[in-house]
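# Coordinates in review
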Amino acid sequence: MERLGRYPAATTVIAHVSDTHLLSGGAPLGGAADTVAALAQTAAQLERLGASLDAVVVTGDVADLGEPDAYVRARAALDPLSQATGAELVWVMGNHDERAAFRFGLLDEPTGAAAPEEPVHRVVELGGLRIIALDTTVPGYHHGELDARSLDWLAGVLAEPAPRGTIVAMHHAPIATPLALMDVLELRGQDELAEVVRGSDVRLFLGGHLHYATHGAFAGIPVSVAGATAYTMDLSAPPRELVGIDGGRSFSLVHVYEDAFAASVVPVGPYEVVTSFGEAYLAELEAMTPAERLERFSRKPPP
């Protein structure tokens, strides 16, 4: 595509999906939220990106109860997307997931291939960009923690920089939240994590868990948390209440550039089109000089 401004096209495009919370049999979550339809809608929207999509990173809570059938349904939704676009699927453990079922259902690891208590850490190479799937879960609990073994593993991976840097994808993001009850379920071991990542090639953290999109920084590194496709936490609820609503679903698109990135929130759902400029219009602009483009697209019509 013709370069129309100061920034070139992204070198890598990542769909950041989180907290799908699928149930066995496709049952509605809480008796109300159709999580299967929400994930199907997400996949349909992402398929429109075609070959420009390089990876789909799912930051945990794929299943709500860790049921094997939930992982079958997750793959039924996202495997065809991966095949249609060529995008790499990167699965990250969440606190609602169960490690043995997660490994078997999503990573095709045979039952008994790893001890149940072993964290599900993975490294995925994406054209010189390294994505680390970091398991922050604690079996039997919903809070997150990085113990000494996991931190040593991460330090070992980061000891050799990747050609285009590293993105760490984890469920429990190291970021503040205004939701007081979620503080109980925060990531533990953050000071030790900061020591590991400072001075490394980590460019960005991707996280989930909070069920709303948010951004911040940790140890001087940007953090982007994707909203959930299952349901959304209502931050406008009274300060001492935790309220999840059947709406506001979203995923994020992360455009990675040589020396920057942009994380954008995308609403999930079929909505009425208010305005649209099609491919033919873009092609028309690409054929113009920069000055002609400004006159064609930037100049305001006379009052």
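Residues numbered from 1 in each chain as written. Predicted model: local features only at pLDDT ≥ 70, side-chain atom pairs only at ≥ 80, totals over all residues. Heavy atoms only, no water.

### Side note on the sheet that holds strand 7 (residues 166-172)
Strand order in the open sheet formed by 6 strands is 4-5-7-9-11-10, and the pairing between neighbours is mixed. With one partner strand each, in any of the chains shown, strand 4 (122-126) and strand 10 (214-218) form the two edges of the open sheet. Going from strand to strand, the sheet's axes swing by 25° on average, the running direction of each strand aside. Pairing analysis gives 5 bridges linking strand 7 to strand 9 (residues 202-208), with the strands arranged parallel. Each residue of the ladder has a partner; that of Val-168, found in strand 9, is Phe-205. Where helix 4 (residues 148-158) meets the sheet, its contacts fall on strand 4, strand 5 (129-134), strand 7 and strand 9, and the angle it forms with strand 5 comes to roughly 175°. (Pairing = 2+ DSSP bridges. Helix = DSSP H or I, 4+ residues; strand = E, 2+ residues; numbered from the N terminus. Axes fitted to C-alpha atoms, helices over the stretch in contact; angles between N-to-C directions. Contact = heavy atoms within 4.5 Å.)

### Structural notes on the environment of Ser-224
Structurally, Ser-224 is set in strand 11 (residues 221-225). Given the relative accessible area of 0%, Ser-224 is considered buried. With 134 residues separating them along the chain, Ser-224 and Val-90 place their C-alpha atoms 16 Å apart. (Buried < 20%, exposed > 50% of the residue type's maximum accessible area, 1.4 Å probe, protein only.)

### Notes on the packing of aromatic side chains
Applying the stated criterion to the full structure yields 6 aromatic pairs. Centroid distance Phe-205 to Phe-218: 5.8 Å. Interplanar angle 75°. Geometry classified as edge-to-face. Here the residue Phe-205 occupies a position in strand 9, and Phe-218 occupies one in strand 10, the gap between them amounting to 13 residues. The class for Phe-205 is buried, based on a relative accessible area of 0%. (Phe/Tyr/Trp six-rings, centres within 6.5 Å; stacked < 30°, edge-to-face > 60°.)

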